[in-house]
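Residue-level structural notes
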Amino acid sequence: MRTSKKEITANKLMEIAEKATKRAWEENFALGLPIIIEENGNVVKKYKDGKTKLIKKIKK
């Protein structure tokens, strides 16, 4: 089965996004800064040492 150009483009974009995300996390942690993300329906701060702090629960 052939892979369409749309699928190839989507896969490349996903790869680029993953690399950019990893780099941003590494840069923040190198500066001693946490990252703020959505996780399991909550907005949380994540620290390099693995500590997580709840900022806000997201209402559905």
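Just above, that's the structure.
Remember, predicted model here, so these are calculated numbers, not experimental data.

Overview of the sheet that holds strand S3 (residues 52–57)
Strand order across the open sheet formed by three strands is S1-S2-S3, with antiparallel pairing between neighbours. Across the chains shown, the open sheet's two edge strands, defined by having one partner strand only, are strand S1 (35–39) and S3. Strand after strand, the sheet turns through a mean of 30 degrees between neighbouring axes, direction not considered. Note that strand S2 (residues 42–46) and S3 share five bridges and pair antiparallel. Its bridge partner being in S3, lysine 46 is matched across the sheet by threonine 52. Where helix H1 (residues 5–30) meets the sheet, it contacts S1 and S2, and its direction lies at approximately 135 degrees from that of S1.

Things to note about H1
Relative to the 38 Å expected for 26 residues at 1.5 Å per residue, H1 spans 37 Å between its end C-alpha atoms, a close match to the ideal helical length. Downstream of H1 by one or two residues, glycine 32 has phi in the positive range, about 80 degrees.

Here we look at the pairing of S2
Walk down a regular strand and you will see the side chains alternate between the two sheet faces. Bridge count between S1 and S2: five bridges; the pairing is antiparallel. Bridging from a neighbouring strand, isoleucine 37 pairs with valine 44 of S2. Linkage of S1 to S2, two consecutive antiparallel strands, is achieved through a turn of two residues, within which asparagine 40 is found at a positive phi near 55 degrees. Here S2 folds back onto S3, and the loop between the two strands holds five residues, one of which, glycine 50, carries a positive phi near 95 degrees.

Procedures and definitions
Residues numbered from 1 in each chain as written. Predicted model: local features only at pLDDT ≥ 70, side-chain atom pairs only at ≥ 80, totals over all residues. Heavy atoms only, no water. Pairing = 2+ DSSP bridges. Helix = DSSP H or I, 4+ residues; strand = E, 2+ residues; numbered from the N terminus. Axes fitted to C-alpha atoms, helices over the stretch in contact; angles between N-to-C directions. Contact = heavy atoms within 4.5 Å. Expected span 1.5 Å × (residues − 1).

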